[in-house]
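Observations on the three-dimensional arrangement
Each chain, written out:
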Amino acid sequence: TGTRTVNGKNVIDFDGSDWMESTDTIRSTSGAIFIVASFDTIDNTDDALFSISAGSGEEMEFIADDASAFDGKVDTTTNPLSLTGGPFTTAIYCITYDSGGNKQAWVNGDSKGSNAYTDLNVTGFADFSLMTNIANTQFPDGYVAEVVCLDDVPSASDRQYLEGYLACKWGM
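So, a few notes on the structure that sits alongside this text. (Residues numbered from 1 in each chain as written. Predicted model: local features only at pLDDT ≥ 70, side-chain atom pairs only at ≥ 80, totals over all residues. Heavy atoms only, no water.)

Each helix and strand counted, the chain has 1 helix and 14 strands in total. Overall size of the chain, expressed as C-alpha extent along the three principal axes, is 40 × 35 × 30 Å. In the chain, which comprises 172 residues, the proportion classed as buried is 45%. Long-range pairs, those at least 24 residues apart, make up 62% of the contacts in the chain with a sequence separation of at least 6. When the accessible surface of the chain is split by element, carbon and sulfur atoms take 43% of a total near 7,700 Å². Charged side chains in the chain number 8 positive and 26 negative. The centres of these two groups are separated by 8 Å. (Helix = DSSP H or I, 4+ residues; strand = E, 2+ residues; numbered from the N terminus. Buried < 20%, exposed > 50% of the residue type's maximum accessible area, 1.4 Å probe, protein only. Contact = heavy atoms within 4.5 Å. Areas by Shrake-Rupley, 256 points an atom, 1.4 Å probe, with all protein chains shown as cover. Lys, Arg positive; Asp, Glu negative; His and termini not counted. Charge placed at Lys NZ, Arg CZ, Asp CG, Glu CD.)

Written out as structure tokens, the structure reads:
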């Protein structure tokens, strides 16, 4: 931090050759991920905003799905979800997933698609990384301002409240 700011606040700047891996795990059966981020350069369809790896081939990643812009696809072991309305750059990205239910995507509060979600077939938790795909081989250039992970899918009003809070905080 300290090299880039948004709305007067430090953000984590990624130069297209680095990523961040959590030292903690994320719930893989159901939850929500909110990320305030922006892309400067996308140069591979597999450039990813985040990835969740549960081992044994079980995974979820939010990839560009375009070699030059972030169109967005929630790529899961089964039943990927391609977002509508892209490409996207600076935005509040929200992905919710509920075992036995749906995974859904929102960008700046607007629904961009949903489909069935089957959990990652692990006992609860999986590894979480930012600005890299599952293989740690493709890295977009951009920044991440904030990440909020929830252990359950929020109600529509709670999701909208959190999106509004993030929009206000980051001047979006």
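Read on, since the account is not over.
A few words now on unusual backbone geometry. A negative phi angle characterises most non-glycine residues, just as the trans form characterises most peptide bonds. With an omega of 5 degrees, the peptide bond running from Gly86 to Pro87 counts as cis. Within the secondary structure layout, Pro87 lies in the loop between β9 (81-82) and β10 (91-98). For Asp65, which is not glycine, the phi torsion reads 65 degrees and is therefore positive. Structurally, the position occupied by Asp65 is in the loop between β7 (58-63) and β8 (73-76).

It is worth spelling out the sheet that holds strand β5 (residues 30-41) at this point. Here we have 6 strands laid out as an open sheet, ordered β3-β14-β5-β10-β11-β12, and antiparallel in their pairing. Only two strands of the sheet have a single partner each, and these edge strands are β3 (12-15) and β12 (110-116). Averaged over all neighbouring strand pairs, the angle between strand axes comes to 25 degrees, with direction disregarded. When β5 meets β10, the two strands line up antiparallel, connected through 8 bridges. (Pairing = 2+ DSSP bridges. Axes fitted to C-alpha atoms, helices over the stretch in contact; angles between N-to-C directions.)

Below, the discussion takes up the pattern of salt bridges. This model, assessed by the stated rule, comprises 5 salt bridges. Asp13 is the salt-bridge partner of Arg4, the closest N and O atoms lying 3.0 Å from each other. On the basis of relative accessible area, Arg4 is assigned to the partly exposed category, the value being 21%. Close ionic contact of Lys73 with Asp65 constitutes a salt bridge, the shortest N to O distance being 3.8 Å. (Salt bridge = Lys/Arg side-chain N within 4 Å of Asp/Glu carboxyl O.)

The next point concerns the nonpolar core. One finds Leu49, Phe50, Ile52, Phe62 and Tyr93 to be the most contacted residues of the largest nonpolar core, which totals 30 residues. Listing elements by their share of this core, those giving two or more residues are β5, β6 (48-55), β7, β10, β11 (102-107) and β13 (125-130). Residues Ile92, Cys94, Ala145 and Leu162 belong to the second largest nonpolar core, which totals 15 residues. (Core = buried A, V, L, I, M, F, W, Y, C linked by side-chain atoms within 4.5 Å.)

Residues of β8 alternate between two faces, with Lys73 and Asp75 on one and Val74 and Thr76 on the opposite face, all of them buried. As defined by bridge partners, β8 adjoins β9 across 2 bridges and the pair is classed as antiparallel. Across the sheet, residue Lys73 finds its bridge partner in β9, namely Ser82. Linking β8 to β9, which pair antiparallel, is a turn of 4 residues; within it Asn79 sits at a positive phi near 60 degrees.

By the element assignment, Ser129 lies in strand β13. Setting aside residues up to four positions removed in sequence, Ser129 forms contacts with Trp19, Met20, Glu21, Leu49, Phe50 and Ser51.

This part is about the packing of aromatic side chains. Tallying each qualifying case throughout the model produces 9 aromatic pairs. Taking the centre distance of 5.0 Å and the plane angle of 5 degrees together, the rings of Trp19 and Phe139 count as stacked. Taken as a pair, Trp19 in the loop between β3 and β4 (20-27) and Phe139 in the loop between β13 and β14 (141-150) lie far apart in primary sequence, 120 residues in all. Sitting over the ring of Trp170, Lys9 keeps its end group 6.0 Å from the ring centre. Sitting above the plane of the Trp106 ring, Arg159 keeps its charged end 4.0 Å from the centroid. (Phe/Tyr/Trp six-rings, centres within 6.5 Å; stacked < 30°, edge-to-face > 60°. Lys NZ or Arg CZ within 6 Å of the ring centre and 35° of its normal.)

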